[in-house]
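# Descriptive structure summary
These are the residues of each chain, in order.
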Amino acid sequence: MTWAPTEMKTDYINTCIKSADHSNRLGEKHTSNSPTMASSPLKAFSALLLLMLFIICGRGGASRCSLSDVSVKQTKSGRFVEGQPEWRVVISNNCECAQSQLILRCVGFSSVEPADPSVFRQLDDRYCLIKKGKPIIKGHPLTFTFAWQTPYDLIPHKSIVRCY
């Protein structure tokens, strides 16, 4: 089942609320027979608890991640292909949240050897899609090589952050 980020947040918040509500009922003690005296502090406490749950649970971690967490490093591999130096590219996500649909700016990219299409695919003359849009997870860098006289500016342009 695929969930949109908004649905995941709503479901997570509802789970937090149900858990807190159940815990509240278990520890609830009535000191008065009057429902209004007991329910006023309880309503205020519930409202405060709801606000805290929204702040804690509602963020989902996505605000902690950005494109600046994506690292693209290029080094010479030491090989030559058709007289051109081969470059090794390592793409890493340094955030605990996955980033999918990663697009790099790759203006004028060219190579005398094909790049691994499961890792790097040109969309047009300016943009390239990484890992076919699938999530890039922290601790699992992607690697591909290309051969050209100089390295290219491969700059993260856009991604979708998903915290589970």
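Structure report, in brief. Note that the coordinates shown come from a computational prediction; the quantities given were computed from them, not determined experimentally.

### Describing the nonpolar core
For soluble globular proteins, nonpolar side chains are generally found buried alongside one another. Residues I91, F120, I130, F144 and L154 are the most contacted members of the largest nonpolar core, which totals 19 residues. For this core, the secondary structure elements donating two or more residues are β2 (84–93), β3 (98–105), β5 (127–130) and β6 (142–147). Non-local contacts of F120, meaning those with residues more than four positions away in its chain, are made with C106, F109, A115, C128, L129, I130, F144 and L154.

### Thoughts on the environment of Q149
Mapped onto the secondary structure, Q149 falls in the loop between β6 and β7 (155–162). C-alpha of Q149 to C-alpha of F80: the two residues are 69 residues apart in sequence and 9.8 Å apart in space. Contact partners of Q149, with chain neighbours within four places excluded, come to Q84, P85 and W87.

### Concerning the sheet that holds β3
What links the strands of a sheet is backbone hydrogen bonding, and the strands pair in either a parallel or an antiparallel sense. Read from one edge of the open sheet, four strands run β4-β5-β3-β7, paired in antiparallel fashion. Every interior strand has two partners, whereas the edge strands, β4 (120–122) and β7, have only one. In this sheet, adjacent strand axes meet at a mean angle of 25° when their direction is disregarded. As paired strands, β4 and β5 are joined by three bridges and run antiparallel to one another. Following the sheet pairing, F120 is matched in β5 by I130.

Rules and cut-offs
- Residues numbered from 1 in each chain as written.
- Predicted model: local features only at pLDDT ≥ 70, side-chain atom pairs only at ≥ 80, totals over all residues.
- Heavy atoms only, no water.
- Core = buried A, V, L, I, M, F, W, Y, C linked by side-chain atoms within 4.5 Å.
- Buried < 20%, exposed > 50% of the residue type's maximum accessible area, 1.4 Å probe, protein only.
- Helix = DSSP H or I, 4+ residues; strand = E, 2+ residues; numbered from the N terminus.
- Contact = heavy atoms within 4.5 Å.
- Pairing = 2+ DSSP bridges.
- Axes fitted to C-alpha atoms, helices over the stretch in contact; angles between N-to-C directions.

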